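Observations on chain architecture
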Amino acid sequence: MEYEIIHLPKESWKGTILPMGYTTYEYYDVSVEKTDKGYGINIEKKGLDKPITHTSEEYNFPDRLYADHWENAFAWGVIVDGELIAAIETDIEAWSNRLRITEVWVSEKYRKHGIGHALIEVAKEQARLEHRRAIILETQSCNVNAIGFYRHEGFSLIGMDICCYSNNDIKRKEVRLEFGWFPEKKRRLSRNEIEIRMEKPEDWYDVELMTQRAFWNKHHMGCDEHYLVHKIRQHEDYIPELSRVAVKDGAVIGCIMYTKARVVSNDKVHDILSFGPLCIDPKWQGCGVGEMLLKTTMNLAADKGYKAIVIYGEPDYYPRIGFKTCDNYNITTADCKNFDAFMGIELKKDSLKGIEGRFYESEVYKNLPKEAVEEFNRKFPPLRKIKFPCHWS
């Protein structure tokens, strides 16, 4: 079955009822017993004497998209012939840095087609993009099929509430169970596991494909950074002698591309460096490869006499490597602004002393027409464009 997962905007879908319901022939029996040493908890799957059917309407509290109590909800769905046939909604739990799945539903007619799995993958991608430490969700001890589905998707039991729906939930065989999914913990790679070298012409396609995967849906739907890589190579401001790729087991897993930049103050022009993209294949993100690429090339640039680097980048990442906001160096953007994502670093002590003014990056970063990007995308396997709440407006 072919289908497309799309964002369901709040202004159009708020209040939409999701017709939840299920019939079960089994349940997870929950028992909590006080012991001399504390409490004994047992959860065991058992058969029912007769099937149980539950719907959200029986509690006069049907499941709806964008309910008022979910302040930061964001929903996606699948529409077939004008009808919503599946949906997932998430909301952030900011204080604990977790993402909660508040709703997930697939119409019974369209189950067993992989739609539920695809919706869960969207939530996992959101969690990765936003660096959430876990995804959590609620289900009931009698919803055996849902429990089986969540376990298959990598969720595990993290807690329960034996009086969430009533004061006799255990007797009613409907105990609230909390499940959680945790991103994979990645091992940091050592320097001798990675080859860092100049890019070769035979690397070009692999570097562009890796860059596309690294940035796809990260800042907006799709990406254009892989096209930017293609354009940079052809531009006069490109500095190939500083740019590098990271290779592991013969495969390109990262790259950094340097370009000429300048700081201008009145009639003085100071030549400096900028870079971008710096990117790592998603499989190897969080393993220290980006830091290796950056430190290796920064040392190389310093040895060649370059004074400083100024970039637009992620303020949660680059300060770890020594970057500071440019107001520390009396440098502004071309339109005299400063903000957290505008950062620089001295390649030698006090190398920016006496250099101040407006920063100008290469013109290569400024003209990436959507039509040209879409045509360039045809070179690569198709990827699904999805809107996420963390996207730039």
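So, here is what we can say about the structure in this document.

It is worth spelling out helix α6 (residues 225-233) at this point. Counting buried residues along α6, seven of its nine residues qualify, which places the element largely inside the surrounding structure. Restricting attention to buried positions, one finds in α6 the residues E225, H226, Y227, L228, V229, I232 and R233. Lining the buried residues of α6 we find α5 (204-215), β12 (251-265), β13 (268-280) and α8 (370-377).

Right, let's talk about unusual backbone geometry for a bit. Peptide bonds are mostly trans, and most non-glycine residues show a negative phi. Between G276 and the following residue, P277, the backbone shows a cis peptide bond with an omega angle of 0°. Take P277: it is sitting in strand β13. Positive phi values are uncommon outside glycine, yet Y66 reaches one of about 55°. Topologically, Y66 is positioned in the loop between β3 (38-55) and β4 (74-80). Its identity as a non-glycine residue notwithstanding, N330 has a phi of 60°, on the positive side. With respect to the secondary-structure elements, N330 resides in the loop between β15 (324-325) and β16 (331-332).

Our next topic: the packing of α6 against α8. Here α6 crosses α8 at 95°, and the two axes come no closer than 9 Å. Relative to α8, α6 is oriented roughly perpendicular. Residues H226, Y227 and H230 of α6 form the contact with α8, whose participating residues are A372, V373, F376 and N377. Counted by class, the contact of α6 with α8 contains four nonpolar, three polar and no charged residues.

Take the layout of surface pockets next. Each pocket or cavity is described by its volume, and for the second largest pocket that value is around 1,700 Å³. Residue lining of the second largest pocket: 50 residues in total, with M20, V104, N143, A146 and Y150 positioned closest to the centre. Sorting the residues of the lining of the second largest pocket by element identifies β2 (21-35), β3, β6 (98-106), α2 (115-129), β7 (134-140) and α3 (144-152) as the ones contributing at least two each. Per element, the largest residue contribution to the lining of the second largest pocket is seven residues, and it comes from β6. A breakdown of the residues in the lining of the second largest pocket according to their chemical character gives 20 nonpolar, 19 polar and eleven charged.

In this structure, β2 lies alongside β3, joined through 14 bridges in antiparallel fashion. Bridge pairing links E33 to G40 in β3. Between β2 and β3, which pair antiparallel in sequence order, lie two residues.

Attention now moves to helix α7 (residues 289-303). With 15 residues, α7 ought to run about 21 Å at 1.5 Å a step, and its terminal C-alpha atoms sit 21 Å apart, in line with that. Along its buried surface, α7 packs onto β10 (195-197), β11 (244-248), β12, β13, β14 (308-312) and β17 (342-346). Phi turns positive, to about 95°, at G305, one or two residues after α7.

Parameters at a glance
- Residues numbered from 1 in each chain as written.
- Predicted model: local features only at pLDDT ≥ 70, side-chain atom pairs only at ≥ 80, totals over all residues.
- Heavy atoms only, no water.
- Buried < 20%, exposed > 50% of the residue type's maximum accessible area, 1.4 Å probe, protein only.
- Helix = DSSP H or I, 4+ residues; strand = E, 2+ residues; numbered from the N terminus.
- Contact = heavy atoms within 4.5 Å.
- Axes fitted to C-alpha atoms, helices over the stretch in contact; angles between N-to-C directions.
- Parallel < 35°, antiparallel > 145°, perpendicular 65-115°, else oblique.
- Nonpolar A, V, L, I, M, F, W, Y, C, P; charged D, E, K, R; others polar.
- 1 Å grid on protein atoms, 1.4 Å probe; cavity = no way out; pocket = protein on both sides within 12 Å on 5 of 7 lines; lining within 4 Å.
- Points joined across faces, edges and corners; volume = space filled by probe spheres on them.
- Pairing = 2+ DSSP bridges.
- Expected span 1.5 Å × (residues − 1).

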